[in-house]
Amino acid sequence: MAAPKSGLGDMADVKEAIKNQGEIVRKLKQEKADPEKISEEVQKLLSLKEQLGDARPQKFQLKTPKGTRDYNPRQMAIREGVFKTIINCFKRHGAETIDTPVFELKETLTGKYGEDAKLIYDLADQGGEILSLRYDLTVPFARYLAMNKINTIKRYHIAKVYRRDNPAMTRGRYREFYQCDFDIAGQYDLMIPDAECVKIVAEILSELNVGDFIIKLNTRLLLDGMFAVCGVPEDKFRTICSAVDKLDKTFWEDVRSEMVDEKGLAPEVADRIGEYVRLNGQLELVDQLMQDEQMMKNKMARQGLEEMKLLLTYCQLFGVLDKVSFDLSLARGLDYYTGVIYEAILTTEKVQSDGGDKNEPVGVGSVAGGGRYDGLVGMFDPKGKKVPCVGVSIGIERLFSIMEAKAEAAEGKVRTTETQVYVASGQKNMLEERMKLCNLLWEGGIKTELSYKKNPKLLNQFQYAEEHGIPFLAIIGEQELKDGVVKVRNTSTREEETFPRDKLLEEIRTRVGPS
């Protein structure tokens, strides 16, 4: 009885197939092909090796998941500085903070994001509740308000969100990233909270010194009115809005093609939309559109223009009119927006584009966005009770990418710790005394370190303080203990002063300032 053959005929055929498949994998790696394609071909190679009984365990590759990253201490120091600027601004405007779970019931998130819903991460069914990772912080905030029956709050929330997006790491687009949200909930007079949100965006971007920026403004009412005037069927408003939202990423011709070829819009209607979405300006554009008879006949368009005029007037009072642009191409595709929408774009960051001048100023994408969503809370309330809300989300990852690049270009040393004093000694058997002095400084609120070696060399301790930017050393030895004093060395000037031990805390505080 003949022995059973392998699926490829015999072992020689299998070995030849393994050799050929190995060449395919090597070639793909040399060409730096798509990682998913490489992985697919590697799996084919392993399947072939299994037929030989020669499959060895694949070497485990240590890496972060696609669309995520680690942050080293230097990067975290820059990141924390950005967070501090943002939080200080939120607090300056009277916000308090909350937190919500990183995952929500899937039905909480369903129907809130339009075409972006496909980017939601659904968690595997564990035999209980059907859950999804949060896509943003706005929908969880609305759920929080409805669940706790809160009608008025000014809150900020900084936390991670998750999107199954196609990541572009160099441009600050990830699958896991932080959002920094500021929202005002409550029934207030028209456009006052909305204008403060615009002011907050301008303050943060100015304080971070990330370059020139513009905050684009529009309103959903005006967009819907414009669509109606142009002849868009009402049931296509949201899907056409999603197409218009892509104008900041692609050309009008591509957006028009999507409207006509994919979404079934009449070509002449798309062309009329094209005439409007090319317009941008400030109060003069509002006045121009108010002379448009077709626009003024439409109730939504008329109301949207009146709101925009009021918003721009308030922006002028808040001193940010020079930072804003009324832009009819701004759409923001999320379904829950009902009124004003805005998006901040950097305009002067130097980015080399294919075939372009590397020094040419170009827009680099959104760094903040938001708007009014008066109906979202009511979607969660059993009685449909609405709580008007307006808010903004700061694109921290994009801003962090820019700040990190600036720090690299400056080639300056970034401190990764806040240590103020390093306790040192040049003599042996002083570990216990160093520990006592460290404890004295810690209990006095001074950020302090010491060497973890019993008898470290004094030069090594000096070098540690210099390398880590620690401004002062507190030095003790047998003579200092006998005299009841501590020697304080300034790391940068290398000047030394001696102080009584009971005056040390006071002297250190005067030099380092408040912790």
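Residues numbered from 1 in each chain as written. Predicted model: local features only at pLDDT ≥ 70, side-chain atom pairs only at ≥ 80, totals over all residues. Heavy atoms only, no water.

Draft legend 1. Expanded view of helix 15 (residues 431-443). Relative to the 18 Å expected for 13 residues at 1.5 Å per residue, helix 15 spans 18 Å between its end C-alpha atoms, a close match to the ideal helical length. The complete set of buried residues in helix 15 reads Arg434, Leu437, Cys438 and Leu441. Taken end-on, helix 15 shows its buried residues confined to a sector of 105°, consistent with a single buried face. What points out from helix 15, more than 90 degrees from its buried face, is the exposed set Glu432 and Glu443. Of the surrounding elements, those touching the buried residues of helix 15 are strand 12 (421-424), strand 13 (448-450), helix 16 (458-467), strand 14 (472-475), strand 15 (485-490) and helix 18 (504-512). One or two positions beyond helix 15, positive phi appears at glycine 445, with a value near 80°. (Helix = DSSP H or I, 4+ residues; strand = E, 2+ residues; numbered from the N terminus. Expected span 1.5 Å × (residues − 1). Buried < 20%, exposed > 50% of the residue type's maximum accessible area, 1.4 Å probe, protein only. Arc of directions from axis to C-beta. Contact = heavy atoms within 4.5 Å.)

Draft legend 2. Main features of the sheet that holds strand 15. As summarised here, the arrangement of the five strands in space is 13-12-14-15-16, forming an open sheet in which the pairing is mixed. Pairing within the sheet leaves two strands with one partner each, and these edge strands are strand 13 and strand 16 (496-500). Neighbour-to-neighbour, the strand axes of the sheet open up by a mean angle of 30°, direction not taken into account. Where strand 12 and strand 14 come together, four bridges link them in parallel fashion. By the bridge assignment, valine 421 is partnered in strand 14 with phenylalanine 472. (Pairing = 2+ DSSP bridges. Axes fitted to C-alpha atoms, helices over the stretch in contact; angles between N-to-C directions.)

Draft legend 3. Quick look at the pattern of salt bridges. For the structure on display, the rule yields 29 salt bridges. The partner of aspartate 327 in a salt bridge is lysine 216, with the nearest N and O atoms 3.8 Å apart. Of the two residues, aspartate 327 sits in strand 8 (residues 324-327) while lysine 216 sits in strand 6 (residues 213-219), which places them 111 residues apart along the sequence. Taken individually, aspartate 327 and lysine 216 each receive the classification buried, so the pair is uniform in this respect. (Salt bridge = Lys/Arg side-chain N within 4 Å of Asp/Glu carboxyl O.)

Draft legend 4. A look at the nonpolar core. Core analysis: the biggest nonpolar cluster contains 101 residues, and Phe90, Ile215, Phe227, Met259, Ile273, Phe326 and Ile394 have the highest contact counts within it. Sorting elements by how many residues they give to this core places helix 6 (residues 192-208) first, with nine residues. Those residues in contact with isoleucine 215, other than ones at most four positions away along the chain, are Val198, Val201, Ala202, Lys323, Val324, Ser325, Tyr342, Glu343 and Ala344. Core analysis: the next-biggest nonpolar cluster, separate from the first, contains 17 residues, Val421, Leu437, Leu504 and Ile508 among them. (Core = buried A, V, L, I, M, F, W, Y, C linked by side-chain atoms within 4.5 Å.)

Draft legend 5. Main features of unusual backbone geometry. Its identity as a non-glycine residue notwithstanding, lysine 32 has a phi of 55°, on the positive side. Note on placement: lysine 32 falls in the loop between helix 1 (11-30) and helix 2 (35-52). Positive phi, normally seen in glycine, also occurs at arginine 494, with a value near 70°. By the element assignment, arginine 494 lies in the loop between strand 15 and strand 16.

Draft legend 6. Inspection of the packing of aromatic side chains at higher detail. Evaluated as defined, the whole model comprises ten aromatic pairs. Ring geometry for phenylalanine 83 versus tyrosine 178: centroids 5.3 Å apart, planes at 75°, classification edge-to-face. Here phenylalanine 83 is found in helix 3 (residues 73-92), whereas its partner tyrosine 178 is found in strand 5 (residues 176-185), with 95 residues between them in sequence. Overall, tyrosine 178 belongs to the partly exposed group, its relative accessible area being 24%. Ring centres of tyrosine 113 and tyrosine 135 lie 4.4 Å apart, and the angle between their planes is 45°; on these two criteria the pair is classed as tilted. With a gap of 22 residues between them, tyrosine 113 in the loop between helix 4 (106-109) and strand 3 (131-133) and tyrosine 135 in the loop between strand 3 and helix 5 (138-147) connect regions that are remote in the sequence. Pair check on accessibility: tyrosine 113 and tyrosine 135 agree, each one buried. In this structure an aromatic cluster arises from ring pairing among Tyr113, Tyr135, Tyr336, Tyr337 and Tyr373. Positioned above the aromatic ring of tyrosine 71, the side-chain terminus of arginine 79 is 4.1 Å from the ring centre. Just above the ring of phenylalanine 141 sits the side chain of arginine 155; from NZ or CZ to the centre is 4.0 Å. (Phe/Tyr/Trp six-rings, centres within 6.5 Å; stacked < 30°, edge-to-face > 60°. Lys NZ or Arg CZ within 6 Å of the ring centre and 35° of its normal.)

Draft legend 7. Highlighting empty space enclosed by the protein. Inspection of the entire model under this criterion finds one cavity of 30 Å³ or more. Looking at the largest cavity, its volume works out to about 70 Å³. Looking at the largest cavity, the residues that line it are Lys216, Asp245, Leu247, Asp248, Asp327, Ser329, Leu330, Ala331 and Glu343. The residue inventory of the lining of the largest cavity, partitioned by class, reads three nonpolar, one polar and five charged. (1 Å grid on protein atoms, 1.4 Å probe; cavity = no way out; pocket = protein on both sides within 12 Å on 5 of 7 lines; lining within 4 Å. Points joined across faces, edges and corners; volume = space filled by probe spheres on them. Nonpolar A, V, L, I, M, F, W, Y, C, P; charged D, E, K, R; others polar.)

Draft legend 8. How the structure looks around the pairing of strand 8. The alternating pattern of strand 8 places Val324 and Phe326 and Ser325 and Asp327 on opposite faces, both of which are buried. In the sheet, strand 6 pairs with strand 8 via three bridges, with the strands oriented parallel. For lysine 216, the partnering residue across the bridge sits in strand 8 and is serine 325.

Draft legend 9. Focus on helix 6. Between the first and last C-alpha of helix 6 there are 25 Å, a value that for 17 residues agrees with the 24 Å anticipated at 1.5 Å per step. For helix 6, a buried count of 13 out of 17 residues is recorded, marking the element as mostly surrounded by other parts of the structure. Of the residues trailing helix 6, asparagine 209 is marked for its positive phi of about 55°.

Draft legend 10. Quick look at the environment of asparagine 298. Turning to its location among the elements, asparagine 298 is positioned in the loop between helix 12 (293-297) and helix 13 (299-317). Judged by relative accessible area, which is 15%, asparagine 298 ranks as buried. Placed 72 residues apart in sequence, asparagine 298 and methionine 226 show a C-alpha to C-alpha distance of 8.4 Å. For asparagine 298, the residues in contact, after removing those within four places along its chain, are Gly225, Ala228 and Val229. A polar atom in the side chain of asparagine 298 sits 3.0 Å from the backbone nitrogen of methionine 300. (Polar contact = N/O pair within 3.5 Å; in protein donor to acceptor, adjacent residues only side chain to side chain.)

Draft legend 11. Fine view of the domain arrangement of the protein. On domain assignment, one finds that the protein holds domain 1 (15-52), domain 2 (73-351 + 359-409) and domain 3 (421-512). Domain 1 and domain 2 are separated by 44 Å when their C-alpha centres are compared. (Domains from an automatic or database assignment.)

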